[in-house]
Amino acid sequence: MRYGLLYGPGAWHDAPVRTPALHVDAAAHAALLAVMRGPAGIYNIAEDDGVVCIDKARAELGFNPGFRL
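Note that this is a predicted model, so its numbers are computed, not measured. Numbers given for residues are sequential positions, taken from 1 along each chain in its written order. Confidence filtering applies because this is a predicted model: local features only for residues at pLDDT of at least 70, side-chain atom pairs given and counted only at 80 or more, and all residues used for totals across whole chains, interfaces and linings. Side-chain numbers come from the whole structure's heavy atoms, not from hydrogens or water.

Moving on, we come to the nonpolar core. Joining through side-chain atoms within 4.5 Å is the link that ties buried Ala, Val, Leu, Ile, Met, Phe, Trp, Tyr and Cys residues into a set, and such a set is a nonpolar core. Burial classification: accessible surface area is computed with a 1.4 Å probe over protein chains only, and a residue below 20% of its type maximum counts as buried, one above 50% as exposed, and the rest as partly exposed. The biggest cluster of nonpolar side chains holds 13 residues, and the ones touching the most others in it are Leu-22, Tyr-43, Ile-45, Ala-57, Leu-61 and Phe-63. When contributions to this core are tallied by element, the ones reaching two or more residues are helix H1 (24-37) and helix H2 (55-61). Each residue touching Leu-22, except ones within four places of it in the same chain, is listed here: Tyr-3, Gly-4, Leu-5, Leu-6, Tyr-7, Ala-27, Ile-45, Ala-46, Glu-47 and Phe-63. Segments assigned H or I by DSSP are reported as helices when at least four residues long, segments assigned E as strands when at least two residues long, and all are numbered from the N terminus. The contact definition used throughout considers only heavy atoms, calling two residues in contact when any of these lie within 4.5 Å.

Here it is, written out as structure tokens:
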């Protein structure tokens, strides 16, 4: 799992400060998806802002960068 720069509750920043960004809730959910249904591999986990390609994480894990608790 290659995560973007974390923001949100418990992180250094409440809002994204630079790209590639990733909310802590979406990061945690991506980890759960990888453990529960993901084949081994490298996944880019970040917001869909065009900085990194997250297509593999979307297709194989069902990752949604907009996920919030």
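Next comes the rest of the write-up.
Two side chains of opposite charge can pair, provided their charged atoms sit close to one another. By definition, a salt bridge exists where a carboxyl oxygen of Asp or Glu is found within 4 Å of a side-chain nitrogen of Lys or Arg. Evaluated as defined, the whole model comprises 2 salt bridges. Arg-68 is the partner of Glu-47 in a salt bridge, and the nearest nitrogen-oxygen pair spans 3.8 Å. Placement of Glu-47 in the loop between strand E4 (44-45) and H2 and of Arg-68 in the segment after H2 is noted, with a sequence separation of 21 residues between them. With relative accessibility at 19%, the residue Glu-47 sits in the buried group. With a closest N to O distance of 3.1 Å, Arg-58 and Asp-48 form a salt bridge. Here Arg-58, found in helix H2, pairs with Asp-48, found in the loop between E4 and H2; they are 10 residues apart in sequence, far enough to count as distant. When its relative accessible area of 35% is taken as the criterion, Arg-58 is described as partly exposed. In this structure Asp-48 comes out as exposed when scored by relative accessible area, which is 52%.

Below, the discussion takes up the side chain of Glu-47. Two N or O atoms form a polar contact when they lie within 3.5 Å of each other; inside protein one atom must be a possible hydrogen donor and the other a possible acceptor, and for residues adjacent in sequence the pair counts only when both atoms belong to side chains. Among the polar contacts listed, one links the side chain of Glu-47 to the side chain of Tyr-7, at a separation of 2.3 Å. Non-local contacts of Glu-47, meaning those with residues more than four positions away in its chain, are made with Tyr-7, Ala-21, Leu-22, His-23, Ile-54, Pro-65 and Arg-68.

What follows deals with a nonpolar patch on the surface. Residues forming no salt bridge and having over 30% relative accessible area are the ones grouped into patches, like charges within 9 Å of each other and nonpolar side chains (Val, Leu, Ile, Met, Phe, Trp, Tyr) within 5 Å. To measure how exposed things are, a 1.4 Å probe is used in the Shrake-Rupley method; for residues, cover is taken only from the protein chains shown. Judged by side-chain polarity, Met-1, Tyr-3 and Leu-6 come together as a nonpolar surface patch covering roughly 260 Å² of accessible area. Relative to the assigned elements, Leu-6 resides in strand E2 (residues 5-7). In this structure Leu-6 comes out as partly exposed when scored by relative accessible area, which is 43%.

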